[in-house]
Amino acid sequence: MNLIELNDVSLAYGSMPVVHNLSLNLAEGEILGLFGHNGAGKTTTMKLILGLLTASSGQARVFGQAPSHPQVRQQLGYLPENVMFYPQLSGRETLRYFARLKNARPQQVDELLEKVGLTAAAGRRVKTYSKGMRQRLGLAQALLAQPRLLLLDEPTVGLDPVATQELYQLLNDLRENGSGIILCSHVLPGVEPYISRAAILSAGKLRACGTLSELRQQVSLPTRIRLNNLSQPEQWQITLSAQGVNAQRVGHDALEVYCHNGAGRELLNHLVNDSSSGELEVSPPSLDDLYRHFVNNLNPQESRP
Ligand SMILES: Nc1ncnc2c1ncn2[C@@H]1O[C@H](COP(=O)(O)OP(=O)(O)OP(=O)(O)O)[C@@H](O)[C@H]1O
């Protein structure tokens, strides 16, 4: 079942159009990564789904209803880009306050504090929290009342690498239990294994949407092949050049080759298998490469502001 259906939605702030003819779905058990440059329209799209803004044309449906419907709100969790809390309240008091507003089970407060790693700091005032701690409290707030749909605007801001991985793992568990999640982020490395699909927005338009393999098929970006741990990289470079393969030196013992459509890969495989030294590291175009491709290959009139 689709939790979100946006059909040809456009939206303007006053006379300034911001989102143009956007069509996007989110199914149960799916994490959609929503990526785009500053001002691309990601937060605006989230606010539309939250029912805080209304489309000027097109149709937006959440759980099959208008986004502003009260039943929609009850099943939705939202982590805004800038989390604001009452500084004098403790973390536990803050969550209790939101739990009452959201009609969540009171026991969930301590369960969620534990889940986001704030049990030890639960009695401390929020004004003493670090940025990452406030972000984790914001996430706990979004998870109150077990929402079927979770909208997270820049959830990794302020999180250290371990906390970021823990967040992704937590989202993955929620996804496996059937929640639908939209994850807005500027941080692309590391998120790839956790998203079901990526949607790339630029200047208010959807430039691409699909699984990473679908997006890779839509573009002709090269695969990067790195030969690591070479004892004689110069010799390898000469050998490869003689075979028509242009390899670049990386560091003191590695070479890098960019191959289109697998060309050259067979040769490299063969050479490495024939030798006692060296190992191949094959990297298809990353989410970052795909993002840059879709955002940069625009008509000059359509490019980002
Ligand atoms: N309340 C507002 N009134 C007028 N214009 C706005 C308002 N909020 C956002 N905008 C404009 O709408 C466009 C999209 O903004 P939005 O916040 O949706 O972008 P974003 O993709 O979330 O950006 P960022 O990554 O910087 O958070 C921008 O040009 C922004 O200046």
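Residues numbered from 1 in each chain as written. Predicted model: local features only at pLDDT ≥ 70, side-chain atom pairs only at ≥ 80, totals over all residues. Heavy atoms only, no water.

(A) Structural context of the overall build of the protein. When its secondary structure is counted, the protein shows 10 helices and 13 strands. Counting only C-alpha atoms, the protein reaches 70 × 50 × 35 Å along its principal axes. The buried share of the protein, taken over its 305 residues, is 45%. Contacts spanning at least 24 positions in sequence make up 69% of the contacts within the protein whose residues lie at least 6 apart. Element-wise, carbon and sulfur atoms account for 47% of the exposed surface of the protein, whose accessible area totals about 15300 Å². Separation between the mean location of the 28 positive side-chain charges and that of the 27 negative ones in the protein comes to 11 Å. (Helix = DSSP H or I, 4+ residues; strand = E, 2+ residues; numbered from the N terminus. Buried < 20%, exposed > 50% of the residue type's maximum accessible area, 1.4 Å probe, protein only. Contact = heavy atoms within 4.5 Å. Areas by Shrake-Rupley, 256 points an atom, 1.4 Å probe, with all protein chains shown as cover. Lys, Arg positive; Asp, Glu negative; His and termini not counted. Charge placed at Lys NZ, Arg CZ, Asp CG, Glu CD.)

(B) Spatial organisation of helix 10 (residues 287–296). Buried within helix 10 we find L287, L290, Y291, F294 and V295. Down the axis, helix 10 shows its buried residues gathered within 120° of arc, on one side only. Buried positions along helix 10 lie against strand 3 (31–36), strand 8 (197–202), strand 9 (205–210) and helix 7 (212–218). (Arc of directions from axis to C-beta.)

(C) View of the site of the ligand. Taken together, 13 residues form the shell around the ligand, and within it G39, K42, T43, T44 and H186 come nearest. Across the complex, the protein chains shield 62% of the 640 Å² of accessible surface that the ligand would expose by itself. At the level of elements, strand 2 (16–27) and helix 1 (42–49) are the ones that each hand at least two residues to the shell around the ligand. Partitioned by chemical class, the residues of the shell around the ligand number four nonpolar, seven polar and two charged. (Near = heavy atom within 4 Å. Nonpolar A, V, L, I, M, F, W, Y, C, P; charged D, E, K, R; others polar.)

(D) Here's a closer look at the environment of N229. The topology assignment puts N229 in the loop between strand 10 (223–228) and helix 8 (233–242). Residue N229 is classed as partly exposed on the basis of its relative accessible area of 42%.

(E) Geometry of the packing of helix 3 (residues 91–102) against helix 5 (residues 131–143). Where helix 3 contacts helix 5, the two axes come as close as 9 Å, and the packing angle between them is 25°. On the basis of their axis angle, the class for helix 3 and helix 5 is roughly parallel. The handedness of the crossing between helix 3 and helix 5 comes out as right-handed. Listed contacts from helix 5 to G91, T94, L95, F98 and K102 of helix 3 are L137, A140, Q141 and A142. Its residues assigned to classes, the contact of helix 3 with helix 5 shows five nonpolar, three polar and one charged. (Axes fitted to C-alpha atoms, helices over the stretch in contact; angles between N-to-C directions. Parallel < 35°, antiparallel > 145°, perpendicular 65-115°, else oblique. Left-handed = near helix turned anticlockwise from the far one by under 90°.)

(F) Up close: the packing of aromatic side chains. Enumeration over the complete set of coordinates arrives at four aromatic pairs. Measuring from centroid to centroid gives 6.1 Å for F85 and F98, while their planes differ by 80°, and the two rings are edge-to-face. In this pair, F85 sits in the loop between strand 5 (76–79) and helix 3 while F98 sits in helix 3, placing the two residues 13 residues apart along the sequence. For F85, a relative accessible area of 15% puts it in the buried group. Measuring from centroid to centroid gives 5.8 Å for Y86 and Y97, while their planes differ by 75°, and the two rings are edge-to-face. Here Y86 is found in the loop between strand 5 and helix 3, whereas its partner Y97 is found in helix 3, with 11 residues between them in sequence. (Phe/Tyr/Trp six-rings, centres within 6.5 Å; stacked < 30°, edge-to-face > 60°.)

(G) Just the UniProt feature "domain: ABC transporter" (unreviewed entry) in the protein, in detail. Mapped onto this numbering, the UniProt entry gives "domain: ABC transporter" (unreviewed entry) at residues 4–228. Annotated as residues 4–228, this span is 31% helix and 29% strand, and its ends, taken at the C-alpha atoms, are 45 Å apart. (UniProt positions renumbered as here; feature names shortened; annotations may be inferred.)

(H) Structural view of the pattern of salt bridges. Enumeration according to the criterion identifies 11 salt bridges in this entry. Notably, a salt bridge pairs R148 with E28, separated by 3.5 Å at the nearest N-O pair. Taken together, the residues span a long stretch of sequence, with R148 in the loop between helix 5 and strand 6 (149–153) and E28 in the loop between strand 2 and strand 3 at a distance of 120 residues. Since its relative accessible area comes to 38%, E28 is described here as partly exposed. Of the charged contacts in the structure, one is a salt bridge between E192 and R216, with a shortest N-O distance of 3.9 Å. Here R216 lies in helix 7 and E192 lies in the loop between strand 7 (180–184) and strand 8, a separation of 24 residues in the sequence. Judged by relative accessible area, E192 falls into the partly exposed class, the value being 25%. The network of salt bridges with shared partners includes R224, R226, E256 and E281. (Salt bridge = Lys/Arg side-chain N within 4 Å of Asp/Glu carboxyl O.)

(I) Summary view of the environment of Q232. Within the fold, Q232 resides in the loop between strand 10 and helix 8. For Q232 and L255, which are 23 residues apart along the polypeptide, the C-alpha to C-alpha distance reads 10 Å.

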